Amino acid sequence: MANWLKYVIAFASAFALMLAVRSLAVSIHGVTGDALAPLYQHGDRLLINRCSYGLRIEGNALLPYSRLMRQPVEHGDIVAFTIPGSADTDILIARCTAVPGDTIRTTSGMLTVPGVKTCAKADYYWLESLNSNNPADSRHLGFIPESCIIGRVVTVLFNAKW
């Protein structure tokens, strides 16, 4: 085998492994706006664990959506999600305030979760940002289906103030 071919194979293998890890396991997302300020500021770079709720399988038109080794989203988790029914692929972040089975009630913009397990549909979550004027949360979009949830925010990799 030619000496240069070893380098090409090694580079191609590393590139394929990097793509697999980035698309299946973790991804980096930049914060735009002030949805979760002061927790996350505009310009912060977040590490998102794409496997935290199970391995997401999107077959687009070929296979139905599913998750392998499925784990439920918990109260208080900060999750990355996409807008349901939108062709826009922007990733948004919000805190999970109600899980399937919770009954929710909003009064003057405030959410109360009494703990009675009757209302929310299975596999739908109520996600809210800290900023009540943010149009990209459940107060404006309604319940977010599990299929739109990308993963859990793990940490801030780069803070905009640094």
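Our subject is the structure listed above.
Residues numbered from 1 in each chain as written. Predicted model: local features only at pLDDT ≥ 70, side-chain atom pairs only at ≥ 80, totals over all residues. Heavy atoms only, no water.

For the structure on display, the rule yields 2 aromatic pairs. Ring plane angle 20° and centroid distance 6.5 Å describe the contact between Phe-11 and Phe-15, whose orientation is recorded as stacked. Taken together, the residues Phe-11 and Phe-15, both in helix H1 (residues 3-24) and 4 residues apart, mark about one turn of the helix. A relative accessible area of 61% means that Phe-11 is categorised as exposed. (Phe/Tyr/Trp six-rings, centres within 6.5 Å; stacked < 30°, edge-to-face > 60°. Helix = DSSP H or I, 4+ residues; strand = E, 2+ residues; numbered from the N terminus. Buried < 20%, exposed > 50% of the residue type's maximum accessible area, 1.4 Å probe, protein only.)

Mapped onto the fold, Ala-122 is located in the loop between strand E8 (110-112) and strand E9 (124-128). What makes Ala-122 exposed here is its relative accessible area of 57%. Ala-122 sits 23 residues away from Val-99 along the chain, and the two C-alpha atoms are 8.5 Å apart.

Another point: the side chain of Thr-82. Tracing the sequence through the fold places Thr-82 in the loop between strand E5 (78-81) and strand E6 (92-98). Owing to a relative accessible area of 16%, Thr-82 belongs among the buried residues under this scheme.

Before going further, it helps to spend a moment on the pairing of E6. Here is the key point about a regular strand: its side chains alternate between the two faces of the sheet. Burial analysis of E6 places 5 of its 7 residues in the buried class, which makes it a mostly covered element. Sheet topology note: the E5/E6 ladder contains 4 bridges and is antiparallel. If you follow Phe-81 over to E6, its bridge partner there is Leu-92. Relative to E9, E6 runs antiparallel, the two being bridged by 3 bridges. Within E9, the residue paired with Cys-96 across the bridge is Leu-127. (Pairing = 2+ DSSP bridges.)

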